[in-house]
Amino acid sequence: MGMSSYGAGIVPYLTDALLEISTLVSYRSVISPSADDDQILKELYKLNTMQTRVFIVHLQPFLASRLFLKAKEAGMMSSGYAWIITDVLTSLLDSIDPSVIESSMQGVLGVKPYVPRSNELHNFTKRWRKRFRQEYPDMDPVELNVFGLWAYDSTTTLAKAVAEVGTTAISKFKKPDTRENLTDLDALGTSELGSLLLDYMQNTTLKTGLSGEFRIIDGELQPSPYEIVNIIGKGERGIGFWTEKDGISYKLKMNGKTAKSIDEQLGAIIWPGESTITPRGWEIPTSGKKLRVGVPVKGGLEQFIKVEIDAKTQAVTAIGFGPDVFEEVIQSLPYSVPYEFIPFPIAHSPTSQDYDALVEKIFFQEYDAVVGDVTISASRSKYVDFTLPFSESGISAVVPVKDDKRKNAWIFLKPLKSELWITTGAFFVFIGFVVWVLEHRVNKEFRGPKRKQVGMIFWFSFSTLVFAHRERVTSNLTRFVMIVWVFVVLVLTSSYTASLTSMLTTQKLQPSITDLNDLIKNGEYVGYQEGSFVKDVLKRMKFDSSKLRSYSTLEDYNDALSRGSKNGGVGAIVDELPYLKLFLNKYCKKYIMVGPTYKAAGFGFAFPKGSPLVPDVSRAVLQVMEGEFMNNIIQKWFGNETDCPQKDVMAIASECLTLDSFKGLFVIAGVSAGSALLLFFLVFLYQNREILATDDSIGKKLSAIAKVFDEEKDNSNCKSENLSEGNESQMATLFAASEASPEILPDLPLQSPEIRTSDGLGASPAAEGFSTTEPGTPVHETITGTTEET
């Protein structure tokens, strides 16, 4: 930025305005009005050794002419450079020698107050030129600039103020209070109308001024629209406008406001060197200085970066995934960027430096960039600017795989939690008891010696587990209970089978720990990579610093996990995904990754704040990642990832089924069985209400009730059924005989009025019960005589 001493008032404000739009002013150059050509040229050469190629010039016309002549001589008016001149110089451009403009100022951009065309301005300009030629016939013609128009409008505004104030007050002069030591001017006194004129001039507007709308608010001239011009040939060409309200635009409305343009904000610009390509604004310095690139030296995980120093020449080389991507990115840039590597040791010691210290080297201007497996983080971005990431990232954990427990003799008990086993067993006994109560009085299968009845309680309910129950039930309440209970048993057996199958087939995927919080609860040690920011992440997760151990190599990871927390190792390794994938690719059969995965931004290249390299390198990173090169480099350093197909699988343990999973089923079964039992007892007590109505003691009443309950219920339906069963063999004989001797049938007492017809489902009593294991026999029409019993 070139400026003379008279720019001290505007330059600080201009610098602040540029900083507000994230534009850094890298250098301020002061050129004295008395500087000779050599001093100007020396300053220009100094500017040329810097990266910046955009210059703002705020100089008086006579000094600006010399500056641009020397800039042309220094080769700084060629393609790639951008020059911007302030409004003071742009408005006085007609005072600069046209030959200087043609030879040394082509492509310069400038801003100046916009003066709209009007009849008043045209007529005034004609009168002014005529009078100028009359008064100064020997001078070259001089164009009227905006400063002259502002002076004319100011005078017009003052005249209007005098006319306005003069009609309302009489001018008086106030003499000084004392006449001692007064000059001649002081003795004249002051007009009392002065304060009135000043108040009037503080806020006034001249809408039809020669310079456009001439507005003064609170004593300050308000900015008019500014015109942006491009110097081409002998003059200038307008390419756009700027207003305080709407900013930059291509066109200007009639009311002085900018018109919004969707397609473009400025017209076509011819840049220095007759180029139509917008300059980049910076380039690598011509001094031959190389980019100082810091690289981490850590002695492990060399697939990502490995730094080698030649013993004789001390030349530093870096190989690995990060340096290879960086080299490809630099080569893909449209310009040359020479660089050299500077090693930065990350030692394995309590006082070692970490990646944060490496990044801070850029902030302290010791490095120009950092290349390696440096993770983009919010804390680091306070000191540097990162490019877009060139790798995926995230933070997860690796833990040992559990021993294969499929050979365990008691694995069949694992699918269900102990409380679920107990609850299920209790319900088997409960349902068996309910069925016995409901069937005891009406079903011979549930009668007999006490040992038989107790056995029946256990046998009947447990046999439903595999649907092997053969005893028929006769009560509708029992059938209702069994319908619900069989459904419960179906769900339980299906779930048990699925859980056991899952355990047998996925046992090798079982991690020893499924949740990082378990590590904290159990007081386990956790490992991380030396120098990594993961340590801070673990601390934020409430891990105790004394429980953290750092390692440098994959072999260290393996050794620590193999030993475990109790033997000087760790229970888990927490690191970023690229490292963990590399580790699992080597030890995939011993360890497994467990979730969740915590977000991280990935690896990126670091540069100083505001570095012009960042956007170009970021674009180049995208191009490299989208090409075939990235696949090749991954294969080169990390090998074939299909060698261990399960290494990327986030393990989810096959957990045992808990009681909570079946609460609803048990509630339904319990309510249905309990309701049936309650209903049975209510009906039973009602039928035996005469016992309760006696005057006997409660003990005797209960004894009588129990005795009645233990007795077989006597009803006609049961007798009929028993009779039918008693004559079953006889009728079978009759039907068999009828097939051989048809003449026997007419001798049957078919016309007896006491004959009844009933349908049975086979000869086996079990066929009439609640059984699913034996098929039913064909339906027979049974004719039973009731006139005599056998």
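Residues numbered from 1 in each chain as written. Predicted model: local features only at pLDDT ≥ 70, side-chain atom pairs only at ≥ 80, totals over all residues. Heavy atoms only, no water.

**Some remarks on the overall build of the chain**
Link 1 in the chain: Within the chain one finds 24 helices and 29 strands.
Link 2 in the chain: Counting over 790 residues, the chain shows a buried share of 39%.
Link 3 in the chain: Sequence separation of at least 24 residues holds for 70% of the intrachain contacts in the chain that already meet a minimum separation of 6. (Helix = DSSP H or I, 4+ residues; strand = E, 2+ residues; numbered from the N terminus. Buried < 20%, exposed > 50% of the residue type's maximum accessible area, 1.4 Å probe, protein only. Contact = heavy atoms within 4.5 Å.)

**Let's talk about the packing of helix α9 (residues 321-332) against helix α18 (residues 613-626)**
Link 1 in the chain: At a minimum axis separation of 9 Å, α9 and α18 run at an interaxial angle of 110 degrees. In this view, α9 runs roughly perpendicular relative to α18, as classed from their interaxial angle. The crossing of α9 and α18 is right-handed. Contact residues: α9 offers Glu 328, Val 329 and Ser 332, while α18 offers Val 617, Ala 620, Val 621 and Val 624.
Link 2 in the chain: When grouped by side-chain class, the residues that make up the contact of α9 with α18 number 5 nonpolar, 1 polar and 1 charged. (Axes fitted to C-alpha atoms, helices over the stretch in contact; angles between N-to-C directions. Parallel < 35°, antiparallel > 145°, perpendicular 65-115°, else oblique. Left-handed = near helix turned anticlockwise from the far one by under 90°. Nonpolar A, V, L, I, M, F, W, Y, C, P; charged D, E, K, R; others polar.)

**A short note on the nonpolar core**
Link 1 in the chain: Counting 52 residues, the largest nonpolar core has Phe 321, Phe 583, Phe 605, Phe 607 and Leu 613 as the members making the most contacts within it.
Link 2 in the chain: Of all the secondary-structure elements, those providing two or more residues to this core are β16 (291-297), β18 (316-319), α9, α16 (554-563), α17 (577-586), β26 (591-599), α18 and α19 (628-638).
Link 3 in the chain: Setting aside chain neighbours within four positions, we find Phe 607 in contact with Leu 291, Phe 326, Ile 362, Asp 368, Ala 369, Val 384, Asp 385, Thr 387, Leu 613, Val 614 and Val 617.
Link 4 in the chain: In terms of nonpolar packing, the next biggest core, distinct from the first, is built from 36 residues, Met 482, Leu 657, Phe 662 and Ala 669 among them. (Core = buried A, V, L, I, M, F, W, Y, C linked by side-chain atoms within 4.5 Å.)

**So, the packing of helix α2 (residues 37-48) against helix α3 (residues 61-73)**
Link 1 in the chain: It is the contact of α2 with α3, at a shortest axis distance of 9 Å, that shows an interaxial angle of 55 degrees. In terms of their interaxial angle, α2 and α3 are classed as oblique. Considering only the axes of α2 and α3, their crossing is right-handed. Taken together, the residues of α3 that come into contact with α2 (itself represented by Asp 37, Ile 40, Leu 41 and Leu 44) are Leu 63, Arg 66, Leu 67, Lys 70, Ala 71 and Glu 73.

**Remarks on the UniProt feature "transmembrane region" (unreviewed entry) in the chain**
Link 1 in the chain: Annotation from UniProt places "transmembrane region" (unreviewed entry) at residues 420-439, 480-498 and 665-686.
Link 2 in the chain: The distance from the first to the last C-alpha atom of residues 480-498 is 28 Å, and the span holds 100% helix and 0% strand.
Link 3 in the chain: Across residues 665-686, the secondary structure splits into 100% helix and 0% strand, with the terminal C-alpha atoms separated by 32 Å. (UniProt positions renumbered as here; feature names shortened; annotations may be inferred.)

**Describing α16**
Link 1 in the chain: Here α16 has its buried residues at Leu 554, Tyr 557, Asn 558, Ala 560 and Leu 561.
Link 2 in the chain: Directly after α16, the chain includes Gly 564, whose backbone phi takes a positive value near 85 degrees.

**Some words on the pairing of strand β3 (residues 54-58)**
Link 1 in the chain: Across the 5 residues that make up β3, a large majority, 4, are buried.
Link 2 in the chain: With 4 bridges connecting them, β3 and strand β4 (residues 82-85) associate as parallel partners. The partner of Val 54 across the bridge, within β4, is Ala 82.
Link 3 in the chain: Taking the sense of rotation as the criterion, the β-α-β connection linking β3, α3 and β4 turns out right-handed. (Pairing = 2+ DSSP bridges. Right-handed = clockwise from strand over helix to strand, strands pointing away.)

**Considering unusual backbone geometry**
Link 1 in the chain: If you check the backbone angles, Gln 314 has positive phi at about 60 degrees while not being a glycine.
Link 2 in the chain: Relative to the helices and strands, Gln 314 resides in the loop between β17 (306-309) and β18.
Link 3 in the chain: With a phi angle near 75 degrees, Lys 542 is a residue other than glycine that sits in the positive phi range.
Link 4 in the chain: Relative to the helices and strands, Lys 542 resides in the loop between α15 (534-540) and β24 (548-551).
Link 5 in the chain: Residue classification places Lys 542 among the exposed residues on the basis of a relative accessible area of 68%.

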